[in-house]
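Architecture and fold: a report
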Amino acid sequence: MSSFPDTLLNGYRNFMSGRYVDERERYRTLAELGQNPSTLVIACSDSRSAPEIIFDAGPGELFVIRNVANMVPPYEPDSNFHATSAALEFAVLSLKVSDIVVMGHGRCGGIRAALDPNAEPLSPGDFIGRWMGLLKPAAEQIQSNDIMTQTERQTALERISIRNSLDNLRSFPEIRAREEEGKLNLHGAWFDISTGELWVMDPATRDFIRPEI
């Protein structure tokens, strides 16, 4: 066990002597009855933007999907492997969540790569490059905007990506049907790592605004 990271073992010790002690009964109930979260959060894999921390959620309260740049691909029922779509399927059809939140964040590395026309593949597979290709049309339009600064371009694409993922969510027949029936609500949010500000998308205008807290 000497190769296991000490930081994780120390964190686990703190968890067992702190939070687990306070929430032991909740964990036991979740183990016996299973999970029943009402909200799915689709967030970035970035270690600085953990939804459970940002929303101060306890065990069993959020079902979370994390991937590079918090993206949702369009509905494609083929023979390929679709991790995000599989998790969506489980959250919507099995857990029957009532809310889905797509949460982006500032200074996203995936978005930065999408805006860099000279970005080199990290590996022969170029998995990140192909994944970020979902945003290629929008990225190319923003790249050519010389009026905006690089920071403005990045923030713009981070928020456009959220809207794009919400549109792709509606390409899933069950999600679209449940939303139309009033059984499912879709939301967009953007978190600024540097300031801790949370911006939410107005469903009517699709603008991002600061909620009153």
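What counts and what doesn't
- Residues numbered from 1 in each chain as written.
- Predicted model: local features only at pLDDT ≥ 70, side-chain atom pairs only at ≥ 80, totals over all residues.
- Heavy atoms only, no water.
- UniProt positions renumbered as here; feature names shortened; annotations may be inferred.
- Axes fitted to C-alpha atoms, helices over the stretch in contact; angles between N-to-C directions.
- Helix = DSSP H or I, 4+ residues; strand = E, 2+ residues; numbered from the N terminus.
- Parallel < 35°, antiparallel > 145°, perpendicular 65-115°, else oblique.
- Left-handed = near helix turned anticlockwise from the far one by under 90°.
- Contact = heavy atoms within 4.5 Å.
- Nonpolar A, V, L, I, M, F, W, Y, C, P; charged D, E, K, R; others polar.
- Pairing = 2+ DSSP bridges.
- Domains from an automatic or database assignment.
- Buried area = accessible area lost by both parts, 1.4 Å probe.
- Salt bridge = Lys/Arg side-chain N within 4 Å of Asp/Glu carboxyl O.
- Polar contact = N/O pair within 3.5 Å; in protein donor to acceptor, adjacent residues only side chain to side chain.

The protein chain is annotated in an unreviewed UniProt entry as Carbonic anhydrase of Rhizobium tropici. Of the protein chain, the UniProt comment under Catalytic activity (unreviewed entry) reads exactly: "hydrogencarbonate + H(+) = CO2 + H2O". Quoted verbatim from the Sequence similarities (unreviewed entry) field of the UniProt record, the comment on the protein chain reads "Belongs to the beta-class carbonic anhydrase family."

1. Side note on the packing of helix H7 (residues 136–143) against helix H8 (residues 150–169)
In helix packing, the relevant descriptors are the interaxial angle and the interaxial distance, both defined with respect to the helix axes. Where H7 contacts H8, the axes come no closer than 10 Å and their chain directions differ by 155°. Accordingly, the angle class assigned to the pair H7 and H8 is roughly antiparallel. H8 is crossed by H7, and the crossing has right-handed handedness. For the pair formed by H7 and H8, the contact residues are Ala-138, Ala-139, Ile-142 and Gln-143 on the first element and Arg-153, Ala-156, Leu-157 and Ile-160 on the second. Grouping the amino acids of the contact of H7 with H8 by side-chain chemistry returns six nonpolar, one polar and one charged.

2. As for the sheet that holds strand E5 (residues 198–201)
Spatially, E2-E1-E3-E4-E5-E6 is the arrangement adopted by the six strands of the open sheet, whose pairing is mixed. At either margin of the open sheet sits one strand with a lone partner, and together these are strand E2 (62–67) and strand E6 (208–209).

3. Examining the domain arrangement of the protein chain
Along its sequence, the protein chain is organised into domain 1 (1–33) and domain 2 (34–207). Between domain 1 and domain 2, the C-alpha centre-to-centre distance is 29 Å. With nine residues of domain 1 at the interface, the matching set in domain 2 holds seven residues. Taken as a group, Arg-19, Arg-26 and Leu-30 account for 72% of the area that domain 1 buries against domain 2, more than any other trio of residues on that side. Summed over the shared surface of domain 1 and domain 2, the number is one salt bridge. For Arg-26, the salt bridge goes to Glu-61, with nearest N and O atoms at 3.6 Å. Applying the counting rule to domain 1 against domain 2 returns three residue pairs in polar contact (both at pLDDT 80 or more). For the side of domain 1 that touches domain 2, the per-class residue count stands at four nonpolar, one polar and four charged.

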